[in-house]
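# An overview of the molecular structure
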Amino acid sequence: MTSTATLAQSTLREPTRLFESYVFDLDGTLYLGDELLPGAAHLVHELRNHGRRVVFCSNNPTRTPQQYADKLTALGIPTQLSDVITTSMTTVRWLSENAATSKIFVIGEQPLKDSISAAGLELSEDPREIEVVVASYDRGFDYRKLKIAFEALAVYRRAILVSTNPDRFCPLPGGFGDPDAAAVTAAIEASTRVVAVAQLGKPSTFMFETISALTGIDPATTLVVGDRLTTDIAMGVNAGTSTALVLTGESTVADVDRTDPDDRPTYIVESVDDLLPPSSSRSAR
């Protein structure tokens, strides 16, 4: 049950019913690093036992959807590939719909590049022919990549810029993190004065539209659960779902208080352990 040792009870709002569908963020919400957060496996098990649809959603395209499914399964949450939606999938969908015949330069890691190539899209590192620059989380980002993007966007001026996600950092255990896609996008925008025309991960409605298209879930009966107000919760708000902020990751109650009332989460819980309403099973975990 919820502890009130450090939080005023009035700041916490737990769901009183089950939803038909749940969309869960991963890092900071269900696990941190290679450790499940308390109650995560039990929660997913109970939701599935009650016939609820459970979907996992990540803004991190440095792993394939299958790798996420395998990780969750290994941690104790059996997961099918069809349960996982990532920004690599939304990026491929957007490029296929808007730039199917374009030459694409990807500043990102190999899983993202492989996903784009597997969709039949053409990659290029020649700034004279590049028509789309994709900025993403890239731990190998260097001056060479920045220069290719700069020339494609600001010298030859044939390309547009898109971003896989707006995250400033990727959380790591121990309170640490890695600079994420926002840092790469900002470097490109600062040097070229070209602004990204699309952002393809949470909080974009395009991300939720992709989730809905692939899983059939209805926003009116869905709860989006995450640890970040600016991505997870904002996506749910933008899509018209109910939302739950878990306080096991980035955002805090103080952050909620500083947020416009229209953008605040429906529920605030200390952890996913508190998402099961009293009427549902809360057996020993």
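This text gives an overview of the structure that appears in the document. (Residues numbered from 1 in each chain as written. Predicted model: local features only at pLDDT ≥ 70, side-chain atom pairs only at ≥ 80, totals over all residues. Heavy atoms only, no water.)

### Digging into helix α7 (residues 205-215)
Considered for burial, the residues of α7 that qualify are Phe206, Met207, Phe208, Thr210, Ile211 and Thr215. Considering only its buried residues, α7 is in contact with β1 (21-24), β4 (53-58), β5 (84-86), α3 (87-98), β13 (222-226) and α8 (229-239). One or two residues past the end of α7 sits Gly216, with phi positive at roughly 80°. (Buried < 20%, exposed > 50% of the residue type's maximum accessible area, 1.4 Å probe, protein only. Helix = DSSP H or I, 4+ residues; strand = E, 2+ residues; numbered from the N terminus. Contact = heavy atoms within 4.5 Å.)

### Section: the pattern of salt bridges
Here the structure, examined in full by the defined rule, presents 17 salt bridges. A salt bridge links Asp83 to Arg48, with the nearest nitrogen and oxygen atoms 3.6 Å apart. Placement of the pair is Asp83 in the loop between α2 (65-75) and β5 and Arg48 in helix α1 (residues 40-49), with a sequence separation of 35 residues. Arg139 is the salt-bridge partner of Glu109, the closest N and O atoms lying 2.7 Å from each other. With Glu109 in the loop between β6 (103-107) and α4 (110-118) and Arg139 in the loop between β8 (132-135) and α5 (143-155), this residue pair connects regions lying 30 residues apart in the sequence. A relative accessible area of 54% places Arg139 in the exposed class. (Salt bridge = Lys/Arg side-chain N within 4 Å of Asp/Glu carboxyl O.)

### Let's talk about the sheet that holds strand β12 (residues 198-199)
Hydrogen bonds along the backbone pair up the strands of a sheet, which may run parallel or antiparallel. The sheet built from five strands is open, its strands ordered β7-β6-β8-β9-β12 with parallel pairing. Among the strands making up the open sheet, the edge pair consists of β7 (122-123) and β12. Both strand β9 (residues 160-163) and β12 contribute to a ladder of two bridges, which runs parallel. Residue pairing for β12: Ser163 is matched across the bridge by Gln199. Contacts from α5 reach β6, β8 and β9, with the element oriented near 145° to β6. (Pairing = 2+ DSSP bridges. Axes fitted to C-alpha atoms, helices over the stretch in contact; angles between N-to-C directions.)

### What about the environment of Asp138?
One can find Asp138 in the loop between β8 and α5. Expressed as a C-alpha distance, the spacing of Asp138 and Leu161, which sit 23 residues apart in the sequence, is 16 Å. Setting aside its immediate chain neighbours within four residues, Asp138 contacts Ile107, Gly108, Glu109 and Lys145. At a separation of 2.8 Å, a polar atom in the side chain of Asp138 contacts the main-chain amide nitrogen of Gly140. (Polar contact = N/O pair within 3.5 Å; in protein donor to acceptor, adjacent residues only side chain to side chain.)

### Concerning α4
Listed as buried for α4 are Pro111, Leu112, Lys113 and Ile116. Summarising the contacts, the buried residues of α4 are in contact with α3, β6, β7 and β8.

### What to know about the nonpolar core
Among the nonpolar cores identified, the biggest contains 27 residues, and Phe24, Leu47, Phe56, Leu223, Val225, Val272 and Leu275 are the most heavily contacted of them. Contributing elements (two or more residues each) for this core: β1, α1, β4, α2, β13, β14 (242-246) and β15 (267-269). The biggest single contributor to this core is α1, with four residues. The contact partners of Leu47, leaving out residues within four places of it in the chain, are Leu18, Tyr22, Phe24, Arg52, Val54 and Leu276. (Core = buried A, V, L, I, M, F, W, Y, C linked by side-chain atoms within 4.5 Å.)

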